[in-house]
Amino acid sequence: MSKLFVVPTPIGNLGDITLRSIEVLKSADLILAEDTRTSSKLLKHYDIDTPVESFHMHNEHKKLESIINKLRSDSEIALISDAGTPGISDPGFLLVRECINNEVEVECLPGPTAFVPALLSSGLPCDRFSFEGFLPVKKGRTKRLKELSTETKTMVFYESPHRILKTLNDLSNYFDIESQISVSRELTKLYEETFRGTIKGSVEHFEKNKTKGEFVIVLSPK
Ligand code: SAM
């Protein structure tokens, strides 16, 4: 039977994959991976020898039609990204939508994603929250920050190492500098750590400690 499986993969610690995800990756006819080299480490670790093809933001539009054709001819395809859940600040949405439009069954497995452990670790209210992903880098950044300055739910942002300080500085310009913030880095990895304090404190902390890694910022509303 044809089906697209969306399969979350670990965000650092290779142990964070479900048994069912491994089964699905083993039994699929094809794995679509964001970066085939990055995923080969995981696939090798779990003895998964399913054929792998690349599927990333630069070729996803071009590949949609051929993938849908494969899915129509009785194939099971698994979609993975470099880390975490496909579609969450990663390619996935377009393919899922195309499958739905073409009446191809989609099954999304639950599993790792960076924002959930970061949100819980923050100690900030998590009953309602707004996932913001990456802030726009240039165009639209000011507009987004202005809009968010009146947000009433806890906000969650993704950020890369080279922009973390700029983003914290920008947040200090649009929110009360005494607002509570939490910045988690390297979740599930050896140097995992979470800074908790005020926006002002976070700027001072990351100015002093030029740390590497990937970050999730969790911000308390006004
Ligand atoms: N699909 C992923 C997910 O489900 O979380 C997100 C992919 S997005 C391209 C990469 C961003 O996710 C990083 O810049 C960082 O903000 C966040 N991220 C991924 N892994 C992380 C980790 N181990 N620790 C902290 N943040 C992480």
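Counting starts from 1 at the beginning of each chain's written sequence and moves along it residue by residue. Given that this is a predicted model, residues contribute local features only at a pLDDT of at least 70 and side-chain atom pairs are listed and counted only at 80 or more, while totals for whole chains, interfaces and linings are drawn from all residues. Note that water and hydrogens are dropped before the side-chain values are worked out from all heavy atoms of the structure.

## A short note on the sheet that holds strand 4 (residues 76-80)
Taken in spatial order, the five strands make up an open sheet running 3-2-4-1-5, and their pairing is parallel. Only two strands of the sheet have a single partner each, and these edge strands are strand 3 (52-54) and strand 5 (106-108). The sheet shows a mean angle of 25° between the axes of neighbouring strands, taken without regard to direction. At least two bridges found by DSSP between two strands are what make those strands a pair. For the purposes of this entry, the term helix denotes a DSSP run of H or I that reaches at least four residues, the term strand denotes a run of E that reaches at least two, and both are numbered from the N terminus. With three bridges joining them, strand 2 (residues 30-33) and strand 3 adopt parallel strand pairing. Across the sheet, the residue bridging to Leu 32 is Glu 53, located in strand 3. Contacts from helix 4 (residues 93-101) reach strand 1 (3-6), strand 2, strand 4 and strand 5 within the one sheet, and its direction differs from that of strand 1 by about 155°. In this analysis an axis means a line fitted to C-alpha atoms, helices contributing only their contacting stretch, and an angle means the value between N-to-C directions, from 0 to 180 degrees. Should any heavy atoms of two residues lie within 4.5 Å, those residues are counted as being in contact.

## Quick look at the domain arrangement of the protein
You can read the domains of the protein as domain 1 (3-108) and domain 2 (115-219). Of note, the centres of domain 1 and domain 2, computed from C-alpha atoms alone, are 29 Å apart. Taking both partners together, domain 1 and domain 2 bury about 510 Å²; carbon and sulfur atoms supply 66% of that area. Summed over both partners, buried area is the accessible surface (1.4 Å probe) that two parts give up on being assembled. Counting the surface domain 1 buries against domain 2, the share from its top three residues, Ile 11, Ile 88 and Ser 89, is 75%. Salt bridge criterion: a side-chain nitrogen from Lys or Arg within 4 Å of a carboxyl oxygen from Asp or Glu. In this structure, the connection of domain 1 to domain 2 is made through zero salt bridges. Here the residues of the side of domain 1 that touches domain 2 sort into two nonpolar, three polar and one charged. Where each domain begins and ends is defined by an automated method or by a domain database. Residues were grouped as follows: Ala, Val, Leu, Ile, Met, Phe, Trp, Tyr, Cys and Pro as nonpolar; Asp, Glu, Lys and Arg as charged; and all remaining residues, including Gly, as polar.

## Focus on the site of the ligand
Throughout this document, a residue counts as near a molecule or strand when at least one of its heavy atoms sits within 4 Å of that molecule or strand. Taken together, 18 residues sit near the ligand, with Ile 88, Asp 90, Thr 113, Tyr 158 and Phe 215 positioned nearest. Between the ligand and the protein, one listed contact pairs an oxygen atom with a side-chain N or O atom of Thr 113 at 2.6 Å. Any N or O atom pair separated by 3.5 Å or less is treated as a polar contact, with the protein-specific requirement of one donor-capable and one acceptor-capable atom, and with residues adjacent in sequence counted only for side-chain atom pairs. Between the ligand and Glu 186, the relevant distance is 3.5 Å, taken from a nitrogen atom to a main-chain nitrogen or oxygen of the residue. Only the protein chains shown count as cover for residues, and the accessible areas themselves come from Shrake-Rupley with a 1.4 Å probe. In isolation the ligand exposes 570 Å². Once the protein is present, 92% of that is buried. With a 1 Å grid spanning the protein atoms alone, the term cavity applies to any set of points in which a 1.4 Å probe fits but cannot get out, the term pocket to an open set with protein on both sides within 12 Å along at least five of seven lines, and the term lining residue to any residue with an atom within 4 Å of a point. Any molecule with more than half of its atoms within 2 Å of a cavity's or pocket's grid points is counted as sitting in it. Applying the majority rule of atoms within 2 Å of the grid points places the ligand in the largest pocket. Of all the elements in the fold, those that place two or more residues in the shell around the ligand are strand 7 (154-159) and strand 10 (215-219). Among the residues forming the shell around the ligand, the class breakdown is nine nonpolar, four polar and five charged.

## A few points about the layout of surface pockets
Grid points are joined across faces, edges and corners, and a volume is the space filled by probe spheres set on the points. Considered as a void within the structure, the largest pocket measures approximately 550 Å³ in volume. Every residue lining the largest pocket is counted, 24 residues in all, and those nearest its centre are Ala 83, Ala 114, Phe 134, Tyr 158 and Glu 214. If you list the elements that add at least two residues to the lining of the largest pocket, you get strand 7 and strand 10. The residue makeup of the lining of the largest pocket, split by class, is 10 nonpolar, six polar and eight charged. Residues lining the lining of the largest pocket come from more than one domain, with at least three contributed by each of domain 1 (3-108) and domain 2 (115-219). What the second largest pocket holds in volume is close to 270 Å³. Taken together, 15 residues line the second largest pocket, and the ones lying closest to its centre are Pro 10, Gly 12, Leu 14, Thr 38 and Asp 82. At four residues, the largest contribution of residues to the lining of the second largest pocket is made by helix 2 (residues 36-45). Among the residues making up the lining of the second largest pocket, the classes are represented as six nonpolar, five polar and four charged.

## A few points about the sheet that holds strand 8 (residues 180-185)
As a general point, the strands of a sheet are linked pairwise by backbone hydrogen bonds and lie either parallel or antiparallel. Reading across from one edge, 6-7-10-8-9 is the order of the five strands in this open sheet, with mixed pairing throughout. Both edges of this open sheet fall to strand 6 (129-134) and strand 9 (193-198), since each of them pairs with a single strand only. Across the sheet, the mean angle separating the axes of adjacent strands is 15° when strand polarity is ignored. When strand 6 meets strand 7, the two strands line up parallel, connected through five bridges. Bridging from a neighbouring strand, Phe 134 pairs with Tyr 158 of strand 7. In the packing of helix 5 (residues 115-122) onto the sheet, contacts are made with strand 6, strand 7, strand 8, strand 9 and strand 10, and the angle to strand 10 comes to roughly 45°.

## Brief notes about helix 8 (residues 199-208)
For each residue, the accessible area found with a 1.4 Å probe, counting protein chains only, is set against the maximum for its type, and the residue is called buried under 20%, exposed over 50%, and partly exposed in between. Along helix 8, the positions that sit buried rather than exposed are Ile 199, Gly 201, Ser 202, Val 203 and Phe 206. Next to the buried residues of helix 8 lie helix 7 (164-174), strand 8, strand 9 and strand 10.

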